[in-house]
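The chain contents come next:
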Amino acid sequence: MAGETITITTQDGDFTAYVARPSKAKAPAVVVIQEIFGVNAVMREITDGLADQGYIAICPDLFWRIEPGVDITDKSEAEWKKAFELFNAFDPDAGVKDIAAVIDHIRADRGCSGKVGAVGYCLGGLLAFLTATNTDADASVGYYGVGIENRLGEAEKLERPLMLHIAEEDQFVPKEAQAIILQALKNHQHVTVHGYAGCDHAFARHGGEHYDEAAAKLANGRSLAFFQQHLA
């Protein structure tokens, strides 16, 4: 089934989200948290893929406070420049507030089983960590999150499962930052961390410069098993 765009209403204003639904009448939901390129073809493909796996998948436009409807690629210098401008202007805490509104919205959906997870990439990887620490999402997954090392104090609030995928050669998450993250989270009862040797940032972005098919397949398999365990 083709996805549809819906509107989420909050006290701060309205924003859109792309939703894809599975064939079954009742299913758990997963919030797909965007990279710095907006709700683009890559994010819609991930959302559709999760629907194929049996989840209601919803990808909100988290840049709406800056510029609604961003849909760009990683293929040109101009788009990268715009993406970093958006990233630098973005307020993660406002983003988490919006994600919490999306969780409430989709949990109340007549097709939702009541269980809601989250998966995020790049900027969304950081937001997935913050979703785990600041919302009632049932399980969260972060891929190569940028800046998690600066928010580790919030790990004490973690009460639900979190999985992190770390690219060991991530140009945006240096080795020192990775070490800080691992040291802080390695013994946390709710956290699972997987490292991917030889992989750079966005190794799971299909069609991206650093896409690594084997690593992406391994990480995505782990994420699906994690959701099957915690959202059933």
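Keep in mind that this is a model prediction, so the values were computed, not measured.

1. Structural notes on the overall build of the protein chain
Okay, step 1: Looking only at helices and strands, the protein chain features 6 helices and 8 strands.
Okay, step 2: Scanning the protein chain from its N terminus toward the C terminus, one meets helices and strands in the order β-β-β-α-β-α-α-β-α-β-β-α-β-α.
Okay, step 3: Its C-alpha radius of gyration of 16 Å places the protein chain within 12% of the 17 Å reference for a compact globule of 232 residues.
Okay, step 4: A principal-axis box enclosing the C-alpha atoms of the protein chain has dimensions of 45 × 40 × 35 Å.
Okay, step 5: Across the 232 residues in the protein chain, those meeting the buried criterion constitute 54%.
Okay, step 6: In the protein chain, 68% of the contacts between residues at least 6 apart in sequence involve partners at least 24 apart.
Okay, step 7: Accessible surface computed for the protein chain: about 10,300 Å², of which carbon and sulfur atoms make up 49%.
Okay, step 8: Positive and negative charge centroids in the protein chain, built from 20 and 33 side chains respectively, lie 6 Å apart.

2. With respect to the layout of surface pockets
Okay, step 1: Roughly 460 Å³ of volume is contained in the largest pocket.
Okay, step 2: At the level of elements, helix 1 (41-52), strand 5 (112-121) and helix 6 (213-230) are the ones that each hand at least two residues to the lining of the largest pocket.
Okay, step 3: The greatest single-element share of the lining of the largest pocket, amounting to 7 residues, is contributed by helix 6.
Okay, step 4: Along the lines of polarity and charge, the residues of the lining of the largest pocket split into 11 nonpolar, 5 polar and 4 charged.

3. With respect to empty space enclosed by the protein
Okay, step 1: Enumeration according to the criterion identifies 1 cavity of 30 Å³ or more in this entry.
Okay, step 2: Considering only enclosed or pocket space, the largest cavity measures out at about 80 Å³ in volume.
Okay, step 3: Partitioning the lining of the largest cavity into residue classes produces 7 nonpolar, 3 polar and 1 charged.

4. Topic: the sheet that holds strand 7 (residues 162-167)
Okay, step 1: Overall, mixed pairing links the 8 strands, which are arranged 1-2-4-3-5-6-7-8 in an open sheet. The sheet is open, and its two borders are formed by strand 1 (4-10) and strand 8 (191-196), each paired with just one other strand. Direction aside, neighbouring strands of the sheet carry axes that sit 25° apart on average.
Okay, step 2: Looking at chain direction, strand 3 (residues 27-33) and strand 4 (residues 56-60) are connected through 3 bridges and run parallel. Within the sheet, the bridge partner assigned to Val30 lies in strand 4 and is Ala57.

5. Remarks on the environment of Lys26
Okay, step 1: In this fold, Lys26 is placed in the loop between strand 2 (13-20) and strand 3.
Okay, step 2: Along the sequence, Lys26 and Phe37 sit 11 residues apart, while their C-alpha atoms lie 31 Å from each other.
Okay, step 3: Those residues in contact with Lys26 that sit more than four places away from it in its chain are Arg110, Gly111, Cys112 and Ser113.
Okay, step 4: Within polar-contact distance, the side chain of Lys26 engages the backbone oxygen of Arg110 at 2.8 Å.

6. Thoughts on the nonpolar core
Okay, step 1: Counting 81 residues, the largest nonpolar core has Val32, Ile58, Val119, Leu127, Phe203 and Phe227 as the members making the most contacts within it.
Okay, step 2: Sorting elements by how many residues they give to this core places helix 4 (residues 123-134) first, with 7 residues.
Okay, step 3: Residues within four places of Ile58 in sequence aside, it is in contact with Ile6, Ile8, Ala17, Tyr18, Val19, Val30, Val31, Val32, Thr47, Val102 and Ile106.

7. As for the packing of aromatic side chains
Okay, step 1: Scanning all chains against the criterion turns up 12 aromatic pairs.
Okay, step 2: When the centroid spacing of 6.1 Å and the interplanar angle of 55° are considered together, the rings of Phe226 and Phe227 count as tilted.
Okay, step 3: Looking at Phe227, the relative accessible area reads 2%, which means it is buried.
Okay, step 4: Each residue in the set Tyr121, Tyr143, Tyr144, Tyr196 and Phe203 is aromatic and connected to the rest through ring pairs, giving one cluster.

8. Examining the pairing of strand 6 (residues 139-143)
Okay, step 1: Across the 5 residues of strand 6, 5 count as buried, placing the element largely inside the fold.
Okay, step 2: Relative to strand 6, strand 5 runs parallel, the two being bridged by 5 bridges. What sits directly across from Gly117, in strand 6, is Ala139.
Okay, step 3: Judged from the 4 bridges that link them, strand 6 and strand 7 form a sheet pairing that is parallel. When the sheet's bridge partners are listed, Gly142 is paired in strand 7 with Leu164.

Quick notes on the rules
Residues numbered from 1 in each chain as written. Predicted model: local features only at pLDDT ≥ 70, side-chain atom pairs only at ≥ 80, totals over all residues. Heavy atoms only, no water. Helix = DSSP H or I, 4+ residues; strand = E, 2+ residues; numbered from the N terminus. Rg over C-alpha atoms; globule rule 2.2 N^0.38 Å. Buried < 20%, exposed > 50% of the residue type's maximum accessible area, 1.4 Å probe, protein only. Contact = heavy atoms within 4.5 Å. Areas by Shrake-Rupley, 256 points an atom, 1.4 Å probe, with all protein chains shown as cover. Lys, Arg positive; Asp, Glu negative; His and termini not counted. Charge placed at Lys NZ, Arg CZ, Asp CG, Glu CD. 1 Å grid on protein atoms, 1.4 Å probe; cavity = no way out; pocket = protein on both sides within 12 Å on 5 of 7 lines; lining within 4 Å. Points joined across faces, edges and corners; volume = space filled by probe spheres on them. Nonpolar A, V, L, I, M, F, W, Y, C, P; charged D, E, K, R; others polar. Pairing = 2+ DSSP bridges. Axes fitted to C-alpha atoms, helices over the stretch in contact; angles between N-to-C directions. Polar contact = N/O pair within 3.5 Å; in protein donor to acceptor, adjacent residues only side chain to side chain. Core = buried A, V, L, I, M, F, W, Y, C linked by side-chain atoms within 4.5 Å. Phe/Tyr/Trp six-rings, centres within 6.5 Å; stacked < 30°, edge-to-face > 60°.

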